[in-house]
Amino acid sequence: MIQYPRNTICFLLIALLAMLWGCSTSQKATNRDGRTIIADTAGATEAVALQQLLDDNRSQLSDLHITQQHDIPAKFLKSDSANKAFNRDPFEGYRVQILSTRDIALADSVTTSFRLWADTTIAGYNAKAYQSFRQPYYKVHIGDFQDRDKANSFSQLIKDRYPSAWVVHDRINPSDVPADTASFSFKKNEQDSLSINN
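Residues numbered from 1 in each chain as written. Predicted model: local features only at pLDDT ≥ 70, side-chain atom pairs only at ≥ 80, totals over all residues. Heavy atoms only, no water.

## Considerations on the sheet that holds strand β5 (residues 129-134)
- Strand order in the open sheet formed by 4 strands is β5-β6-β3-β7, and the pairing between neighbours is antiparallel. The sheet is open, and its two edges are formed by β5 and β7 (166-171), each paired on a single side. Ignoring strand direction, the axes of neighbouring strands in this sheet form an average angle of 45 degrees.
- Pairing of strand β3 (residues 92-101) with β7, which is carried by 6 bridges, proceeds in the antiparallel orientation. Within β7, the residue paired with Gln97 across the bridge is Trp166. (Pairing = 2+ DSSP bridges. Helix = DSSP H or I, 4+ residues; strand = E, 2+ residues; numbered from the N terminus. Axes fitted to C-alpha atoms, helices over the stretch in contact; angles between N-to-C directions.)

Rendered as structure tokens:
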């Protein structure tokens, strides 16, 4: 007979015991009805105790949440002031877009012609023209407005000359924003010539 060394036998016994111990369950086994079949006694009593503690305190915690008064200072309950100018980023605003094209020469000429036309015809605001490129279009934007209503009234003023004018959200130069009391109109000579042509 072949004799096995004592270390090998000990190793096999330890492996067999570890395998048997690893196959035992420490969680509840349930059947399809949800009833417990087998449970490890130490783990089961601890789990039952924790579940009972949770069930006993769950209703008390929810009652506390329902009946608890939230004392929020009146200052925090005021209406939203997001539209107020003092809460806004001064560089966020609106411009009037009068052209979007792929032709850089056309964008340059419209920018120049607007500057010349606005200097001689528009009173109340000296609107600057800005040219930008966002692939694949060159865009011509006019003015700097923090208030959308002001931008809309300015776009209505220039619609006769630039029918595709519309208000767009853009980064602006706060130093070029018209005053809140500013009103836009044509200079006297342009108004007279418009009324004669109509």
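And the narrative resumes.
## Quick word on the packing of aromatic side chains
- Tallying each qualifying case throughout the model produces 11 aromatic pairs.
- When the centroid spacing of 6.0 Å and the interplanar angle of 50 degrees are considered together, the rings of Phe114 and Trp117 count as tilted. Of the two residues, Phe114 and Trp117 are both situated in helix α3 (residues 104-121); the distance of 3 residues between them amounts to about one turn of the helix.
- With relative accessibility at 9%, the residue Trp117 sits in the buried group.
- Look at Tyr125 and Phe145: their rings are 5.5 Å apart centre to centre, the planes differ by 55 degrees, and that puts the pair in the tilted class. Of the two residues, Tyr125 sits in the loop between β4 (122-123) and β5 while Phe145 sits in strand β6 (residues 137-145), which places them 20 residues apart along the sequence. Assigned by exposure class, Tyr125 and Phe145 land together as buried.
- Aromatic rings pair up to connect Phe114, Trp117, Tyr162 and Phe186 into one cluster.
- One Lys or Arg, Arg95, reaches over the ring of Tyr130 and ends 3.7 Å from the middle of that ring. (Phe/Tyr/Trp six-rings, centres within 6.5 Å; stacked < 30°, edge-to-face > 60°. Buried < 20%, exposed > 50% of the residue type's maximum accessible area, 1.4 Å probe, protein only. Lys NZ or Arg CZ within 6 Å of the ring centre and 35° of its normal.)

## Remarks on unusual backbone geometry
- In this model, Gln135 is joined to Pro136 through a cis peptide bond whose omega is 5 degrees.
- With respect to the helices, strands and loops of the structure, Pro136 is situated in the loop between β5 and β6.

## Notes on the nonpolar core
- Core analysis: the largest hydrophobic core is formed by 25 residues, its most contacted members being Val96, Ile98, Phe114, Ile142, Phe154 and Ile158.
- For this core, the secondary-structure elements that each account for two or more residues are β3, α3, β6 and α4 (148-158).
- In terms of residues, this core owes the most to one element, α3, which gives 5 residues.
- For Ile142, the residues in contact, after removing those within four places along its chain, are Arg95, Val96, Ile98, Phe114, Ala127, Lys128, Ala129 and Phe154. (Core = buried A, V, L, I, M, F, W, Y, C linked by side-chain atoms within 4.5 Å. Contact = heavy atoms within 4.5 Å.)

## Remarks on the side chain of Asp144
- Mapped onto the elements, Asp144 comes out in strand β6.
- The buried category is assigned to Asp144, whose relative accessible area is 0%.

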